Amino acid sequence: MSEATVVGGALVPGMPHLLAASPAPSWKRLAEAVLEVGSRLRAANPDAVLLLSTQWFTVLGHQVQLDPNPRGQRTDENWYAYDFGHLDYDLRTDTALAEAWAAEIDTVGMQARRTHYEHFPIDTGTVVASRLLDPDRTLPMAQVSCNLYADADALFRVGAAGVAAARRLGRRIAVVGVSGLSSGLTPRWISPKEDEISDPAHEQWNSRLLGLLAAGDLAAALDLREAYSRAAAADSQLRVLPWLVGAEGAVGPGEVLASGPIWGTGAAVVHWPA
Amino acid sequence: MARVFQLPVTTGRTAIAAPAVVGSTDRPRPGIAAGYLAPHPPHLIYAENPPQNEPRSTGGWEVLRWAYAELRRRLTRLRPDVLVVHAPHWITMVGHHVNCVPNPRGVSVEPIFPHLFRYHYNMTTDVELAETIADCAAEAGLVTSKLREPGVRVDYATIGALHLANPSWDIPVVSLSANNNPYFYAEAALDEMEVLGAATRRAIETTGRRAVLLASNSLSHLHWDVEADLPEDMSREHPFSHHQYQWDIRLLDLVRTGPTRAVADFVPQHIAQTASETKAGSLTWLLAALDWPAIPGDVLGYGTIIGTGNAVVEWVPEEFSDV
């Protein structure tokens, strides 16, 4: 039972450019890779998706989404002038799994904050990833926020709490972390064809990290995390990685399906089969 | 940051009544009549229990709320045409944005504090001034954008400062974003905030507005990462650390003695020591817009909110000190 709980894991970007009608070549490759990962994860027959998006950032405790059907329109506060800045969403939550996850977070001595409010703004990363991973909305999700002040160990434990909750309920889950890599955004308005990683050093650091993930050397990747975060301004200090490891979504070698720039930042799509 | 273009200041696109002719007998003179450091933690609105906000409280954080009461009393005397706010939680990763939507309205559920802040807002934008600020900022070389999409949710830092300064919302507003990146704790380029402040001043002068400016920043910003069952339990409220408190007081001592340049010069140290929210640039923008007057600020109140330092401070330029 416990071996079958996690059917696979993935790291995917959450920038809305992946939904652009006229994407840059990199955005198109990344979007196609997320679609492919979604197909693979769904083929493994999970009951639900366990998800953390770094764009749902919080500061008090660890928020768990309990609205059974978050839906609405999101107009992105930065990208509103583009087609991809306007996002409709209609999500489904596995509320039993989310409740159990919150309880596990409390049990291990952290503070879970149960979130169920009309008009609650779902973050762009969650909307983009869910739309590409599961276009037909076949899978419910359980989502947790990314606390800005939680250290890597805390996020590892939040991930582990999610798996423990899934085991307790007998759920088969796919584990998805929504995060970019280097965060050096190009600080001006560009056309898609101009897009490139904003700093060559960031690109080298991204490649080094992805090499470790592809080799399955997760311990080395975790050891590299802090230096990588300082050198490449990593998205949320790459704390998505300890969360993925804690949730058993990153185990062994990962397949890097695509990598490339999104408005100067680094992004990659990585799949870990069970 | 890229250097962009400038549009000439135009007339005929006001969404609200244009100000009266400068020098008319019954109208105060134009310019920036005052600037306020106006912190926005949602706890303050929650504690006030206004009809626009859904959650109910039993109060709390009274000293800061009394400071805002004094701000409101002074604001009435200042009789501004417009309130201009710079807020750190409208985070724009590319450039400095100005809200040019004539009537932003909706429900703002704060993703971090949804239990405290679910606010029904209905604002009137001074569109002509908003567009002119964006134009002046672009002319000064900043990357800018004019928000014209009504669907963008207005953030709690914008609403918080504006509501607490003027809960009746009967003065038009202009809202400016914080050019920042939330995903790696970025700091605003403070030199750019000086440029934005000067551009704001120029736009206010060009349009003949009488404006009051609000810098929607807290001070020291390390805070608790868990919350009491009763958020307004004041027995739990105190500075996050003595270190943070001391550095806040050092900053406020400088504020009280002036000049404003000394305050701005101290801001980077204060940020380094306390993770101050002034890293988002609102305070620097405000002082630059006031054109660095050699005057002290009036600290109307100081208090902590979940451990962060917050002060309500007023600066009144000498030419408006007789108001």
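Quick note: structure is the one above.
Residues numbered from 1 in each chain as written. Chains lettered and ligands numbered in written order. Predicted model: local features only at pLDDT ≥ 70, side-chain atom pairs only at ≥ 80, totals over all residues. Heavy atoms only, no water.

> What am I meant to see in the overall build of chain A here?
Scanning chain A from N- to C-terminus turns up seven helices and ten strands. Relative to a compact globule of 274 residues, whose C-alpha radius of gyration would be 19 Å, chain A shows 17 Å and is just as compact. With respect to the principal axes defined by its C-alpha atoms, chain A has extents near 50 × 40 × 35 Å. Counting over 274 residues, chain A shows a buried share of 62%. Considering only intrachain contacts with a sequence separation of at least 6, the fraction spanning at least 24 residues in chain A is 81%. For chain A, the exposed surface amounts to about 9,800 Å²; the carbon and sulfur share of it is 50%. Within chain A, the 31 negative side-chain charges are centred at a point lying 2 Å from the centre of the 22 positive side-chain charges. (Helix = DSSP H or I, 4+ residues; strand = E, 2+ residues; numbered from the N terminus. Rg over C-alpha atoms; globule rule 2.2 N^0.38 Å. Buried < 20%, exposed > 50% of the residue type's maximum accessible area, 1.4 Å probe, protein only. Contact = heavy atoms within 4.5 Å. Areas by Shrake-Rupley, 256 points an atom, 1.4 Å probe, with all protein chains shown as cover. Lys, Arg positive; Asp, Glu negative; His and termini not counted. Charge placed at Lys NZ, Arg CZ, Asp CG, Glu CD.)

> Before we go on, may I ask you to explain the overall build of chain B in this structure?
Assigned secondary structure in chain B consists of eight helices and ten strands. Across the 323 residues that make up chain B, the buried fraction comes to 63%. Contacts in chain B between residues at least 24 apart in sequence constitute 81% of all its contacts with a sequence separation of at least 6.

> For this particular structure, what's the right way to read the state of the cysteines?
Throughout this description, disulfide means a covalent bond between two cysteine sulfur atoms. All names here are of chain B. Tallying each qualifying case throughout the model produces zero disulfides over all chains. Here C100 is not cross-linked by a disulfide; its sulfur's nearest cysteine counterpart is in C136, at 12 Å. Taking the relative accessible area as the measure of exposure, C100 reaches 4% and is therefore buried. (Disulfide = S-S within 2.5 Å.)

> Would you take a moment to explain the interface of chain B and chain A for this structure?
With 38 residues of chain B at the interface, the matching set in chain A holds 40 residues. For the chain B and chain A pair, buried surface summed over both sides reaches about 3,400 Å², with 64% attributable to carbon and sulfur atoms. On the surface where chain B and chain A come into contact, there are one salt bridge. E227 of chain B is paired through a salt bridge with R113 of chain A; the nearest N and O atoms lie 2.7 Å apart. Among the elements of the structure, β2 (82-92), β4 (105-109) and β6 (144-147) of chain B are those that each provide at least two residues to the side of chain B that touches chain A. Classifying every residue of the side of chain B that touches chain A gives 22 nonpolar, nine polar and seven charged. (Buried area = accessible area lost by both parts, 1.4 Å probe. Salt bridge = Lys/Arg side-chain N within 4 Å of Asp/Glu carboxyl O. Nonpolar A, V, L, I, M, F, W, Y, C, P; charged D, E, K, R; others polar.)

> Looking at this structure, I do not really get helix α4 (residues 152-169) of chain A. What am I missing?
Each α-helix turn comprises 3.6 residues. Residues three or four places apart therefore point the same way. Residues and elements named next belong to chain A. The first and last C-alpha atoms of α4 sit 26 Å apart over 18 residues, in line with the 26 Å expected at 1.5 Å per residue. Within the span of α4, buried status applies to A152, A154, L155, V158, G159, A161, G162, V163, A165 and A166. Positive phi shows up at G170, right after α4, with a value of about 75°. (Expected span 1.5 Å × (residues − 1).)

> It is not clear to me how the nonpolar core should be interpreted in this structure. Could you clarify?
The tendency in soluble globular proteins is for nonpolar side chains to be buried as a group. Residue and element names in this part refer to chain A. Judged by nonpolar contacts, the single largest core of 51 residues is most densely connected at L50, W101, I105, L213, Y228 and W243. Among the elements that take part in this core, α4 stands out by supplying seven residues, more than any other. Beyond its immediate chain neighbours, meaning those up to four positions away, I105 contacts H62, V64, M110, Q111, A112, V144, V158 and A161. (Core = buried A, V, L, I, M, F, W, Y, C linked by side-chain atoms within 4.5 Å.)

> Any chance you could explain the packing of helix α3 (residues 127-139) of chain B against helix α5 (residues 190-207) of chain B here in plain terms?
Axes are the key here: two packed helices are described by the angle between their axes and the distance separating the axes. All names here are of chain B. Between α3 and α5, the shortest axis-to-axis distance is 8 Å and the interhelical angle comes to 135°. Here α5 runs oblique to α3, going by the angle between their axes. The handedness of the crossing between α3 and α5 is right-handed. Each of E128, L129, T132, I133, C136, A137 and E139 in α3 lies in contact with α5, whose residues at this interface are L196, A199, T200, R202, A203, I204, T206 and T207. (Axes fitted to C-alpha atoms, helices over the stretch in contact; angles between N-to-C directions. Parallel < 35°, antiparallel > 145°, perpendicular 65-115°, else oblique. Left-handed = near helix turned anticlockwise from the far one by under 90°.)

> In this structure, what is going on with the environment of Y82 of chain A? I would like to understand it.
Residue and element names in this part refer to chain A. The topology assignment puts Y82 in the loop between β4 (71-75) and β5 (86-90). With 66 residues separating them along the chain, Y82 and P16 place their C-alpha atoms 9.7 Å apart. The residues contacting Y82, other than those within four sequence positions of it, are W189, I190 and W263.

> I would appreciate a short explanation of the pairing of strand β3 (residues 62-65) of chain A in the present structure.
The two faces of the sheet receive side chains in turn, since in a regular strand these alternate between them. Residue and element names in this part refer to chain A. Residues H62 and V64 point to one face of β3 and Q63 and Q65 to the other, with burial holding for every one of them. In terms of strand pairing, β3 meets strand β6 (residues 112-115) through four bridges, oriented parallel. Looking across to β6, one finds that V64 is bridged to R114. (Pairing = 2+ DSSP bridges.)

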